[in-house]
Amino acid sequence: MPRRHTAWNVLDTDDNIEDTIDDEQDEQQILSGSGDLPMAIRGYALTSVESIGVGSWILDIGARPVEGLPENARVRGVNLGGWLVIEGWIKPSLFDDIPNGDMLVSSLPSYLVLLSHVDGTEVQFKSVTSEKYVSAENGGGSTVVVDRDIPLAWETFRLWRVSESIFQFRTYGGQFLTCDGDGGTVSAAAAAAAADSPSGTETFYVERNNDNRIHIKLKTGTYLQASKANQLTADYPGTPGWDNNAATFELIILSNNLHGDYQLANGYGHDKAEEILKNHINSFITVEDFDFLYRHGINTVRIPVGWWIAYDPDPPPPFIRGSLEALDNAFTWAQTFGIKCIIDLHAAPGSQNGMEHSASRDGTTGWPTSSDYISQTLHVIDFLASRYAKHPSLLGFELLNEPSAALVPLDILVSFYKQGYQVVRNYSSTAYVIFCQRIGNADPFELYQANLGTANTVIDLHYYNLFDPFFANMSSVDNIQYIYKSRQTQLQALNGANGPLVFIGEWVNEWNVTGGSQTEYQDFGRAQLGVYNAASFGWAYWTLKNDRKHWDFKISSELRIQRMFCRLFVVRANIQFRAVAWIGS
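Residues numbered from 1 in each chain as written. Predicted model: local features only at pLDDT ≥ 70, side-chain atom pairs only at ≥ 80, totals over all residues. Heavy atoms only, no water.

### Considering the packing of aromatic side chains
Rules: In summary, the pairing rule links any two rings of Phe, Tyr or Trp, Trp by its six-membered ring, whose centres are within 6.5 Å, and it sorts them by plane angle into stacked for under 30 degrees, edge-to-face for over 60 and tilted for everything else. Put simply, DSSP marks the helices as runs of H or I at least four residues long and the strands as runs of E at least two long, and each gets a number from the N terminus on. Accessibility here uses a 1.4 Å probe with only protein chains present; expressed as a share of the type maximum, an area under 20% marks a residue as buried, one over 50% as exposed, and anything in between as partly exposed. Any Lys NZ or Arg CZ that is within 6 Å of a ring centre and within 35 degrees of that ring's normal is treated as a charge sitting over the ring.
Enumeration according to the criterion identifies 33 aromatic pairs in this entry. Seen in terms of ring centroids, Tyr-262 and Phe-319 are 5.8 Å apart; in terms of plane orientation they differ by 90°. Their pairing is edge-to-face. Linking Tyr-262 in helix H2 (residues 261–268) with Phe-319 in the loop between strand E19 (300–306) and helix H5 (323–337), this pair joins segments that are 57 residues apart in sequence. When sorted by exposure, Tyr-262 lands in the same class as Phe-319, which is buried. Here the aromatic rings of Trp-307 and Phe-319 are separated by 5.4 Å at their centres, their planes lie at 75°, and the arrangement is edge-to-face. Within this pair, whereas Trp-307 is found in the loop between E19 and H5, its partner Phe-319 is found in the loop between E19 and H5, the two being separated by twelve residues in sequence. The aromatic ring of Phe-284 is capped on one face by Lys-545, whose charged end is 5.7 Å from the ring centroid. Above the plane of the ring of Phe-292 lies Lys-554, whose end atom (NZ or CZ) is 5.4 Å from the centre.

Next up, the structure:
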């Protein structure tokens, strides 16, 4: 196996410091892996995050070890985000070639174009004659009217894409617009629509011109119109033009933010999506990346996967095969370089948070409302545990990533976590079982009080100074102080609790500060590492590769690798010592 780069960590029984590094040549030998290190100080991986200015190591006397890591080190990890679970913001180019990513010229006359937004796009429709908005009364479940002056939630619909010009419209309440046929009135009473074989009564054809006006028609060719009674009816006579007539509506697009696995697969269609994803999976993460991580002292990768991996090579539509073979490859590469793997179930059936990284079709969260979805998720955990629990590179299973605090009740989540723990224990008595904290307004202590399992359990916290108005106007100093005053206090309390280990499973050296200098970024990174290193299980950076600079561990590291130098100093303490390597220019 290749030699792991090491930092010097020394503590003898008399609390005497045996070795220090003062010679720059020795530093470079350590970084290159060519230096001879004393036996007493081998084994602690160098964690060099050059882009943010600091790498550090902590050894706490009396702390519980992380079983399976060399010399009982803690996790110093990186997430392989955007690889086996698609997140469009990580690699936007994946969506560039979807037919009509915004609009598509059709086989109709050249002045006509078809609406072709991806699943989950939020839209509103305004009659050009009455200047009133289409509305699903009470948010759905009853009639549809065209009489609202101001559009709010009831007037907003989410697209379910069937093809480039065929859609279903989902209401705020979750029902679908439906029409029984020519001459009928549109209502919002359809309780559900099949994703793979939509009902004809819930399916509509859409035409759009360059002025953002649309026509909506049934399969029979009959166009909908805003009637004089302010209803939406399928009885417009003939073919409407684009002038002000009852069958023409103004299209207002509120959002088009979901770009995940569902949108990619359904947007391209199966064959093209398979080609796109195969190329992405084979090139985005490779064996060379594991070599890079190994050379930079990373000892663990957290690998997000989607629930459809359990059905590979024939996952249910529209999902695409290939992620299982890629995960097998990752375990092989990890074993070659002595890296451990955490399998993270990032996307559960029905979506646990309504986000693109949980493969939500339209931004809704269905997972906690369906016992079938939860049972299916346990099946996925069983599949993964049966396949990987005995693999020498397996460190643990994360049962569910980022369940929503607002939409996933704690009792449902705790019940699932307890069942998932037992599923893993059916295959391994030592693999770590990781429970992710709910995102949003939730206290991580709620999971410590739940008695989720008896051995090798971990609570995963995701620390971002982002995604919340609380951080919107913070200065660089404010952000750094928040790390010390809030994050550090919480970690100390959790580390002292009698329960699972603590894992900062996602964090990044990014914030809402506009125009932050490199020095400020380094100070922010130094603060985060200084605090997160105390987490009893460890941490994992989000993510290895990303189109956005500070989110990309690999590119940010390479920008500074040629100029880095390592200085190691040791601070004595009665019960612990800390060795810190400062990386700078």
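### Things to note about the packing of H5 against helix H6 (residues 371–388)
Put simply, the rule is: For helices, the fitted axis covers only the stretch in contact; all axes are lines through C-alpha atoms, and the angles between them, taken along N-to-C directions, range from 0 to 180 degrees. Note on convention: near helix rotated counterclockwise from far helix by under a right angle means a left-handed crossing. Clockwise means right-handed. The contact criterion used throughout is that any non-hydrogen atoms of two residues lie within 4.5 Å. Each residue receives one of three labels: charged for Asp, Glu, Lys and Arg, nonpolar for Ala, Val, Leu, Ile, Met, Phe, Trp, Tyr, Cys and Pro, and polar for the others, Gly being one of them.
Two elements in contact, H5 and H6, have axes separated by 12 Å at closest approach and are oriented at 40°. At the point where H5 passes H6, the crossing takes the right-handed sense. Residue-level inspection shows Leu-324, Leu-327, Asp-328 and Phe-331 of H5 in contact with H6, the latter providing Phe-383, Leu-384, Arg-387 and Tyr-388. Among the residues making up the contact of H5 with H6, the classes are represented as six nonpolar, no polar and two charged.

### Describing the confidence of the model for the chain
We apply this condition: Scored between 0 and 100, pLDDT is the confidence that the predictor attaches to each residue.
In the predicted model, the chain carries a mean pLDDT of 80, and the fraction of residues at 70 or more is 79%. Taken as a whole, residues 2–62 scores under 50 in pLDDT and shows 162 contacts with residues more than four places along the chain or in a different chain. Every residue in residues 558–585 is under pLDDT 50, and counting partners more than four places away or in other chains gives 82 contacts.

### As for the pairing of strand E11 (residues 166–170)
Inclusion rule: DSSP-based pairing: two strands are paired if at least 2 bridges between them are found.
Among the five residues of E11, five are classified as buried, and the element is accordingly described as predominantly covered. Neither face of E11 is open: one carries Ile-166, Gln-168 and Arg-170, the other Phe-167 and Phe-169, and all of them are buried. Where strand E10 (residues 157–161) hands over to E11, the hairpin turn is made up of four residues, counted between the paired strands. Relative to strand E14 (residues 204–208), E11 is paired through two bridges, and the arrangement is antiparallel.

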